[in-house]
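Here is what each chain is made of, one letter per residue.
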Amino acid sequence: GGGGEGGEGGGAAPVPFEVTRTMGRREHSLRFVLGGQVHEGTLAQVQAQVEEHLRARHVGTVAFFGQHMGGGLLDKTDAALKAELQALLPLGLWEAAAEGA
């Protein structure tokens, strides 16, 4: 399993979370706990909850896992980068942050 702290929305207080995968010979399960709320069900159902709350599919675009970027943000064209950022937060917020930096 794995865990950490995640938050929904900008500036939100950190919320502890835990993702646990159990593999057996015939059965496997995925369990997601966010704060005190437990999500269990089929793998697809739990994965959908992880994606909804943590936007987990974006982790691979911003994390470096080895010598190959594999579709990371640095490999994107300007238009593709803006599309990825827009999927996370409105582009205006990113532009305002860039101006303030």
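Because the structure is predicted, anything quoted here is derived from the model rather than measured. (Residues numbered from 1 in each chain as written. Predicted model: local features only at pLDDT ≥ 70, side-chain atom pairs only at ≥ 80, totals over all residues. Heavy atoms only, no water.)

A.B. asks: It is not clear to me how the confidence of the model for the protein should be interpreted in this structure. Could you clarify?
C.D. replies: A low pLDDT score tells you not to read the predicted coordinates there in detail. Looking at the protein as a whole, the pLDDT averages 76, with 70% of positions reaching at least 70. Within the protein, strand S4 (residues 37-40) carries the highest mean pLDDT (92), whereas strand S1 (residues 2-6) carries the lowest (55). (pLDDT = per-residue confidence, 0-100. Helix = DSSP H or I, 4+ residues; strand = E, 2+ residues; numbered from the N terminus.)

A.B. asks: Mind showing me how you'd approach the nonpolar core here?
C.D. replies: In summary, soluble globular proteins display a tendency toward joint burial of nonpolar side chains. Within the largest apolar cluster, six residues are counted, these being Phe-17, Leu-30, Phe-32, Leu-34, Val-46 and Val-50. Sorting the residues of this core by element identifies strand S3 (28-34) and helix H1 (43-54) as the ones contributing at least two each. (Core = buried A, V, L, I, M, F, W, Y, C linked by side-chain atoms within 4.5 Å. Buried < 20%, exposed > 50% of the residue type's maximum accessible area, 1.4 Å probe, protein only.)

A.B. asks: How should I be thinking about the pairing of S4 in this particular structure?
C.D. replies: Regular strands place side chains that alternate from one sheet face to the opposite one. Pairing analysis gives four bridges linking S3 to S4, with the strands arranged antiparallel. In the strand pairing of S4, Phe-32 is matched with His-39. Adjacent in sequence and paired antiparallel, S3 and S4 are bridged by two residues, among which Gly-35 carries a positive phi angle near 65°. (Pairing = 2+ DSSP bridges.)

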